Amino acid sequence: MNNKGEANRSVRMTRRRLSDALITLLLEKPVREITVRELTDLARVSRGTFYFHYSDIYELMDRVEQDQIDAMERLMDDILPRLNEDSTPESLCMLYRYLDENDGICSALLGPNGDPAFRRRLQTLIEERCVGYIAPQESATPNQRYMVAFAVQGCFGNIEAWLQRGKPESAAEMAHTTWTAVRAVKQAAASQRIQSNQA
């Protein structure tokens with residue numbers, strides 16, 4: 001591997017260590033109470049290294065949150081076209097496997113010490129993507145929007161309850177339960193659209 005490749009790998013590893021340290025600390029307290037010193041001590045990097053990559057802890061937090069937003073965007077690209085399928089889509093199983101394998105970061109960002117603005121941003125993203133798939137944004141009825149909001153809130157509730165209970169059900173079981181609820185809401189939204197067109 002050339003020097004550039006080694007440098008890139010070193011940067012990725014350092015950023016990963018800082019992200020992991022932030023997640024560990026977020027499980028204990030809110031970001032406003034986390035100091036750069038305790039973060040760098042936990043990550044085993046110098047303060048100078050931290051400031052080489054980030055201006056402050058909030059910039060690191062933004063990066064961690066954006067990574068999760070990007071991951072959700074990719075999953076939505078795969079989940080939405082499969083809403084008419086009877087069987088649980090593999091992408092939804094992948095989501096729960098991701099949550100299972102990364103329960104620390106998910107619990108930290110969606111738990112009591114996470115940023116409420118991040119949760120709202122994530123929910124809004126999912127709701128808008130779902131509404132846009134069910135009906136064009138400009139023609140979506142209020143009832144369709146409410147149904148989507150209900151489904152998304154329910155999915156978040158399922159995820160949080162599952163993580164808080166220590167994940168007693170398998171990722172596959174949770175994906176199936178979630179898919180059953182999502183399809184029911186999608187069918188209700190489709191019925192609403194038909195009724196609106198006939199009115």
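Check the entry above for the structure.
Residues numbered from 1 in each chain as written. Predicted model: local features only at pLDDT ≥ 70, side-chain atom pairs only at ≥ 80, totals over all residues. Heavy atoms only, no water.

**Observations regarding a negative patch on the surface**
So, point 1. Negative charge collects at one region of the surface, where D56, E59, D62 and D115 lie side by side.
So, point 2. In this structure, D56 sits in the loop between α3 (47-53) and α4 (57-79).
So, point 3. For D56, a relative accessible area of 32% translates into the label partly exposed. (Patch = residues over 30% accessible without salt bridge, like charges linked within 9 Å, V, L, I, M, F, W, Y side chains within 5 Å. Areas by Shrake-Rupley, 256 points an atom, 1.4 Å probe, with all protein chains shown as cover. Salt bridge = Lys/Arg side-chain N within 4 Å of Asp/Glu carboxyl O. Lys, Arg positive; Asp, Glu negative; His and termini not counted. Charge placed at Lys NZ, Arg CZ, Asp CG, Glu CD. Helix = DSSP H or I, 4+ residues; strand = E, 2+ residues; numbered from the N terminus. Buried < 20%, exposed > 50% of the residue type's maximum accessible area, 1.4 Å probe, protein only.)

**Brief notes about empty space enclosed by the protein**
So, point 1. Throughout the structure, instances matching the rule amount to one cavity of 30 Å³ or more.
So, point 2. Of the voids in this model, the largest cavity is the one considered here, and its volume is about 560 Å³.
So, point 3. In terms of lining, the largest cavity is formed by 33 residues, of which the most central are M72, M76, L95, I126 and C155.
So, point 4. Of all the secondary-structure elements, those providing two or more residues to the lining of the largest cavity are α4, α5 (90-101), α6 (103-110), α7 (116-134), α8 (142-164) and α9 (171-198). (1 Å grid on protein atoms, 1.4 Å probe; cavity = no way out; pocket = protein on both sides within 12 Å on 5 of 7 lines; lining within 4 Å. Points joined across faces, edges and corners; volume = space filled by probe spheres on them.)

Without other data, these values stay purely geometric and don't point to any function.
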